[in-house]
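Per-entry structural report
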Amino acid sequence: MKRLLIPLLAVFALAACAKPASSPNVSPPKTLTFSIVSTEATQTQMQEWGPFLKDMEKATGLTVKPFFGSNYSALIEAMRFKQSDLGWFTNQSGLEAVRRAGGEVFARTTHPNGHDGYQGVIIVKKGSAITLDRLLKCGQTMDFGMGDAKSTSGTLAPNTYLFGPRGIDPVKCFKTVRSASAESNLYAVGSGVLPAATDNTRSMDRLAAIGTDQSKKTLASLQVIWTSPTIPEDPMVWRADLDPEIKARISKFFFSYGIGDTEEAKRQRAILERIQTGAFKHADNFHLLPVREMEATGQLIAAKGRGDQAAIAAAQAALNQIKTEKAAHPAG
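Just so it is clear, the model here is predicted, and its values are computed rather than measured.

1. Quick notes on the sheet that holds strand β2 (residues 63-69)
One key point about sheets: their strands pair by backbone hydrogen bonds, in either a parallel or an antiparallel sense. The six strands lie next to each other as β2-β1-β3-β10-β4-β11, forming an open sheet whose pairing is mixed. Each having just a single partner strand, β2 and β11 (281-282) make up the two edges of the open sheet. Note: strand β4 (residues 103-108) against strand β10 (residues 235-239), five bridges, orientation antiparallel. Paired with E104 across the two strands is W238, which belongs to β10. Of the strands in this sheet, β1 (31-37), β2, β3 (86-88), β4 and β10 touch helix α3 (residues 72-80), which is tilted by about 135° from β2.

Following this line, the structure appears as structure tokens:
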């Protein structure tokens, strides 16, 4: 009995030592990591984003750290391995974050000028004599700039609406294909490094908003030769497994930020304009339905081009499912 009692007392003693001191009014510090794709130098990005992140800290009571990813795949992987908690994604990368990284759409951006949605474009240098017909002749004689692999406007839209319906594979069509950010493509075409590249109207608006002599000169040197149908605004995605109380704090901040006619609201709207958005709107994963439709349409076109009956059936089934979801979703 004594031999049994001694180990048991030791276990109780260890449990008592391991029990944390009672401090009901003190909660452990919490940190949020906010993902942003890096389109410029980190120092410049911090100048743009710093005031917004500082306001988020103040409003939520949480420490907010930025994570600047070199591309959208880096943002997806960071969320997948819980190295980031929320962030600003494109529609296609947001879809991948939902599918593979436990993400969930909770908000969407808006355009500062009130327009809802934006377009993918193909730009060339003015006076270059490059027309869309000339671009699509292929022959592997021209260098071309595409967007990030997860870019909606820079890759998915042109593949879905332009190249796919014509059976064109950009890799086989052009001499070289370079993947880069929208901003990089703007300057590459403007400076003559590339004869043509994909971009989007939001990126061009951003360049106009910079307002420097160089940005004005670059924008004035460009010509749009193709424009896509309207693409939904970008989604804000958080980890679906975040604590509900943390989600509530984030939501309260996002959906009140820049709202109203007070001086504080005006200050906040000026900060939002620096990161190229208006006030945030509520959204959920249904926001991604148009990009799913674009994706399935592109897959259907590609499958028909290959004569792959199984792939055709799978893509058509995906489109049918999307149609059903559209019909079931309440308007607005």
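Next, the rest of the story.
2. A few points about the nonpolar core
Where a protein is soluble and globular, its nonpolar side chains tend to be buried together. Counting residues in each nonpolar core, the largest one holds 27 residues, and the members touching the most others are F34, F52, F106, I250 and F254. Of all the secondary-structure elements, those providing two or more residues to this core are β1, α2 (42-60), β2, β3, β4, β10, α11 (244-256) and α12 (263-274). Tallying contributions element by element places α11 first for this core, with five residues. Those residues in contact with F254 that sit more than four places away from it in its chain are F34, F52, M56, L86, F106, M236 and F280. I76, M79, A97 and L288 belong to the second largest nonpolar core, which has 19 residues in total.

3. Regarding the pattern of salt bridges
Evaluated as defined, the whole model comprises 19 salt bridges. E233 is paired through a salt bridge with R202; the nearest N and O atoms lie 2.5 Å apart. Placement of the pair is E233 in the loop between β9 (222-231) and β10 and R202 in helix α9 (residues 201-210), with a sequence separation of 31 residues. Salt-bridge contacts for K326 lead to E293; the nearest nitrogen and oxygen are separated by 2.9 Å.

4. A look at helix α6 (residues 152-163)
Between its first and last C-alpha, α6 extends only 14 Å over 12 residues, short of the 16 Å set by a 1.5 Å rise per residue. Here α6 lies mainly inside the structure; 10 of its 12 residues are buried. Every buried residue of α6 is accounted for by T152, S153, G154, T155, L156, A157, P158, T160, L162 and F163.

5. Re the state of the cysteines
Tallying each qualifying case throughout the model produces one disulfide. Paired through a disulfide, C138 and C173 show a sulfur-sulfur distance of 2.1 Å. Measuring handedness by torsion sign, the sulfur bridge of C138 and C173 sits at about -95° and is left-handed. Of this pair, C138 sits in the loop between α5 (132-135) and β6 (143-146) while C173 sits in helix α7 (residues 170-173); the two residues are 35 residues apart in sequence, bridging distant segments of the chain.

6. Comments concerning the environment of E57
Among the structural elements, E57 can be located in helix α2. Since its relative accessible area comes to 30%, E57 is described here as partly exposed. In this structure the C-alpha to C-alpha distance between E57 and I250, which are 193 residues apart in sequence, comes to 9.8 Å.

7. Quick notes on the pairing of strand β8 (residues 196-200)
Across the five residues that make up β8, a large majority, five, are buried. What you see with β8 is no split at all: A196, T198 and N200 on one side and A197 and D199 on the other are buried throughout. As judged from the five bridges shared by strand β5 (residues 118-125) and β8, these two strands associate in the antiparallel manner. Bridge pairing in β8 places I123 opposite A197. Bridge count between β6 and β8: two bridges; the pairing is parallel. Considered in β8, the bridge of F144 is made with A196.

Scoring rules and cut-offs
- Residues numbered from 1 in each chain as written.
- Predicted model: local features only at pLDDT ≥ 70, side-chain atom pairs only at ≥ 80, totals over all residues.
- Heavy atoms only, no water.
- Pairing = 2+ DSSP bridges.
- Helix = DSSP H or I, 4+ residues; strand = E, 2+ residues; numbered from the N terminus.
- Contact = heavy atoms within 4.5 Å.
- Axes fitted to C-alpha atoms, helices over the stretch in contact; angles between N-to-C directions.
- Core = buried A, V, L, I, M, F, W, Y, C linked by side-chain atoms within 4.5 Å.
- Buried < 20%, exposed > 50% of the residue type's maximum accessible area, 1.4 Å probe, protein only.
- Salt bridge = Lys/Arg side-chain N within 4 Å of Asp/Glu carboxyl O.
- Expected span 1.5 Å × (residues − 1).
- Disulfide = S-S within 2.5 Å.

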